Amino acid sequence: MSRILTGIQSTGVPHLGNILGAIKPMIHLSNQPEHEAFAFIADLHSLTSIKNAEERKQYVRAVSAAWLACEFDTEKNTLYRQSDVPEVTELAWYLSCFTPFPMLANAHSFKDKSERLNEVNAGLFTYPVLMAADIIGYDAEIVPVGKDQLQHIEITRDIAGSFNHTYGDTFVIPAPSIQSDVMVLPGIDGRKMSKSYNNTINIFLPEKELKKVIMSIQTDSTPIEEPKNPDRCNVYQIFKHIAPEALSNEMHTKYLQGGYGYGQAKTALFEYLRDNFSNERARYIQLMEHPEQLDTLMLKGADKARHVISNVIQRVRERLGFN
Ligand code: ADP
Ligand code: TRP
């Protein structure tokens, strides 16, 4: 059985892009008998950007509720909050003493902000070291991530490899898994759906609000009766990514025929989302109404995670003479 592991920062309510591009594919892998999955909410990482305590708590709950709403099986696998496992910060310290400064100075997470150094905190600079601890602390073999995280996995491999070279086999060297066939969902303005662009669809919104978001998708002003180009329409582009081929082909034809308005396409998209995600929506709402259940489940996951990382930390302490 190989261990797969991934983390999602608690910086917002997971949007449709996160769910289809990260959460669902990971759940698919986690259900395969040859895999055991660790998924965690990277709330320590979120402190590099989010400073408000209430906001963080809400987002931690939202991310964990999203995993559970999409039916991540916590009996077979492990779901936990990063900060419930303090061993990871101890490991991050050990690893930081083996991480060359230039390696961190080259990381995109830091480099992108290096023009405005007064806005960079040390946590953001050492972000990849904590991420390395997240991974090698659990002997993870496969790490499914988006392309933007590839460099962080390379850094993890370098740190683990050089430690093993000096002290003998201590860490499992993880491999990234980039699913190139996973689609990138466009947002309501046509750019990649992303928290940072404010163009997301939150499928967990109450029906009325969800409808409002879908109705706000940007379109041009071609009148109803005229034919329209589906390839240039944000509504169709989103629909095409999520609906079965037969349904999206049908919408494609209606666009080209004319007599089909953007309002009708938006209604079709809204109804598809509402009906197709009705179970996820119901479970999410139920979980968010009972945060104590969520917290208990997360603590149970943290117990399992602590058991694993404690063994790894023991190995490291012995190698370094801290035992
Ligand atoms: P955001 O861009 O909203 O900040 P993150 O960078 O936190 O999202 O991404 C979390 C996970 O969701 C990553 O694995 C990423 O590849 C995936 N993801 C984010 N946006 C999309 C999208 N529009 N389509 C598909 N997957 C996405
Ligand atoms: N840095 C990742 C992101 O922003 C989140 C993350 C933290 C992570 N630790 C991880 C992902 C460990 C995979 C493995 O998306």
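That block above? That's the structure.
Residues numbered from 1 in each chain as written. Chains lettered and ligands numbered in written order. Predicted model: local features only at pLDDT ≥ 70, side-chain atom pairs only at ≥ 80, totals over all residues. Heavy atoms only, no water.

**Q** Sorry if this is basic, but what is going on with the packing of aromatic side chains here?
**A** Aromatic rings considered in pairs are described by the distance between their centres and by the relative angle of their planes. Inspection of the entire model under this criterion finds 17 aromatic pairs. Ring geometry for phenylalanine 38 versus tyrosine 138: centroids 5.6 Å apart, planes at 50°, classification tilted. Pair noted here: phenylalanine 38 is in strand E2 (residues 35-42) and tyrosine 138 is in the loop between helix H8 (127-136) and strand E4 (142-144), with a separation of 100 residues, a long-range link. For phenylalanine 38, a relative accessible area of 2% corresponds to the buried category. Here tyrosine 138 falls in the buried class, since its relative accessible area comes to 2%. A cation over a ring is seen here: arginine 191 above tyrosine 197, with NZ or CZ 4.2 Å from the ring centre. Lying across the ring of tyrosine 262, lysine 228 places its NZ or CZ 5.6 Å from the centre. (Phe/Tyr/Trp six-rings, centres within 6.5 Å; stacked < 30°, edge-to-face > 60°. Helix = DSSP H or I, 4+ residues; strand = E, 2+ residues; numbered from the N terminus. Buried < 20%, exposed > 50% of the residue type's maximum accessible area, 1.4 Å probe, protein only. Lys NZ or Arg CZ within 6 Å of the ring centre and 35° of its normal.)

**Q** Which parts of the structure should I look at to understand the site of ligand 1?
**A** In the vicinity of ligand 1 lie 13 residues, with His15, Leu185, Met193, Ser194 and Lys195 positioned nearest. Within the contact set of ligand 1, an oxygen atom lies 2.7 Å away from a side-chain nitrogen or oxygen of histidine 15. Between ligand 1 and the protein, one listed contact pairs a nitrogen atom with a side-chain N or O atom of lysine 192 at 3.1 Å. The fraction of the free accessible surface of ligand 1 (540 Å²) that becomes covered by protein chains is 80%. Of the residues belonging to the shell around ligand 1, the class tally is 5 nonpolar, 6 polar and 2 charged. (Near = heavy atom within 4 Å. Polar contact = N/O pair within 3.5 Å; in protein donor to acceptor, adjacent residues only side chain to side chain. Areas by Shrake-Rupley, 256 points an atom, 1.4 Å probe, with all protein chains shown as cover. Nonpolar A, V, L, I, M, F, W, Y, C, P; charged D, E, K, R; others polar.)

**Q** Explain the pattern of salt bridges to me, please; I cannot follow it from the model alone.
**A** A side chain with one charge may pair with a side chain of the opposite charge, provided their charged atoms come close. Counted by the stated rule, this structure contains 15 salt bridges. Each of Asp43, Arg81 and Asp84 takes part in salt bridges that share partners, so that together they form one network. (Salt bridge = Lys/Arg side-chain N within 4 Å of Asp/Glu carboxyl O.)

Bear in mind that shape data such as this cannot, by itself, settle questions of function.
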